[in-house]
Amino acid sequence: MESIKLHYDVPGDDFTRAGAASGDVKRTLKQLGISPSVIRNVAVAMYEGEINMVIHAGGGEIDVEIDENKISMTLSDHGPGIENVELAMKEGYSTAPDNIRCLGFGAGMGLPNIKKYTDDFVIETEVGVGTTLRLKVNIT
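The structure contained in this document is the topic of the report that follows. (Residues numbered from 1 in each chain as written. Predicted model: local features only at pLDDT ≥ 70, side-chain atom pairs only at ≥ 80, totals over all residues. Heavy atoms only, no water.)

## Examining the overall build of the protein chain
When helices and strands are counted, the protein chain shows five helices and five strands. The helix and strand sequence of the protein chain, counted from the amino end, reads β-α-α-β-β-α-α-α-β-β. For the protein chain, buried positions account for 46% of its 140 residues. Residue pairs in contact within the protein chain that sit at least 24 positions apart in sequence constitute 62% of those at least 6 positions apart. Counting every atom, the protein chain has about 7,600 Å² of accessible surface; 47% of that belongs to carbon and sulfur. (Helix = DSSP H or I, 4+ residues; strand = E, 2+ residues; numbered from the N terminus. Buried < 20%, exposed > 50% of the residue type's maximum accessible area, 1.4 Å probe, protein only. Contact = heavy atoms within 4.5 Å. Areas by Shrake-Rupley, 256 points an atom, 1.4 Å probe, with all protein chains shown as cover.)

## Description of the pairing of strand β3 (residues 70-76)
Of the strand pairs in this sheet, strand β2 (residues 59-66) and β3 are connected by six bridges, and their pairing is antiparallel. Across the sheet, D63 pairs through a bridge with T74, a residue of β3. Between β2 and β3, which pair antiparallel and follow one another directly, the connecting turn spans three residues. Judged from the seven bridges that link them, β3 and strand β5 (residues 130-138) form a sheet pairing that is antiparallel. Residue pairing across strands places K70 opposite N138, the latter belonging to β5. (Pairing = 2+ DSSP bridges.)

## Some details on the sheet that holds strand β4 (residues 120-126)
Pairing is antiparallel across the open sheet formed by five strands, whose spatial order is β1-β2-β3-β5-β4. Across the chains shown, the open sheet's two edge strands, defined by having one partner strand only, are β1 (4-11) and β4. Looking at each pair of strands side by side, their axes are set apart by 10 degrees on average, direction ignored. Examined bridge by bridge, β4 and β5 share seven bridges and lie antiparallel to one another. (Axes fitted to C-alpha atoms, helices over the stretch in contact; angles between N-to-C directions.)

## Here we look at the environment of S76
Checked against the element boundaries, S76 lands in strand β3. Between the alpha carbons of S76 and D63 there is a distance of 8.6 Å; along the sequence they are 13 residues apart. Excluding residues within four positions of it along the chain, S76 makes contact with M53, G60, E61, T131 and T132. A polar atom in the side chain of S76 sits 3.4 Å from the side chain of T132. (Polar contact = N/O pair within 3.5 Å; in protein donor to acceptor, adjacent residues only side chain to side chain.)

## Looking at the packing of helix α1 (residues 20-31) against helix α2 (residues 36-57)
In the contact formed by α1 and α2, the axes pass within 8 Å of each other and the chain directions differ by 165 degrees. The orientation of α1 with respect to α2, classified from their angle, is roughly antiparallel. Considering how the two elements wind past one another, α1 and α2 form a crossing that is right-handed. Counting all contacts with α1, which are made through A20, A21, S22, V25, K26, L29 and K30, the residues of α2 involved are I39, V42, A43, M46, Y47 and E50. Across the contact of α1 with α2, the residue classes break down as nine nonpolar, one polar and three charged. (Parallel < 35°, antiparallel > 145°, perpendicular 65-115°, else oblique. Left-handed = near helix turned anticlockwise from the far one by under 90°. Nonpolar A, V, L, I, M, F, W, Y, C, P; charged D, E, K, R; others polar.)

Given below as C-alpha cells:
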C-alpha cells in the first residue's frame, strides 16, 4: 500500500467543528479495512489532541500519514505551550477555564488518554511558542 497523507486545519474556539479531523480519519481507516481496535486508538488520540487545540491553543494543524505498518499523526499549534509537561500528564490535571468545563470539556484526561491509546507519544513544547505532538499507532 502506498502511504496516504491527510492534512487538517483545526479552527480555535469552535466546538461545533471539533472532532471533524478525527472523524474523517476514522472513516478513512474503516474504508481501508483497518481493525476496529486500531481505529479506536487513533480516533481517541486524535480527538483528544484536537480538543486540546481548540481549548488551549486557538486551533492548529494535524498531519496524518497512513502506511501498511502504522498511522503517524503530527498535531501542531502556536498556542501558549505547556509550562509543566509532567503535571499536564497527570490524570485530572487541567488548565481549562470554568466556561470550558461547563461545556463538558477540560477534565484533564486529554494527554493521559493520548499516551494510553498510542504506541509512540512525543511532546515538543515551548512556552509562548506552541506545542507539537508526534503520535504513532501500529497497525500490525
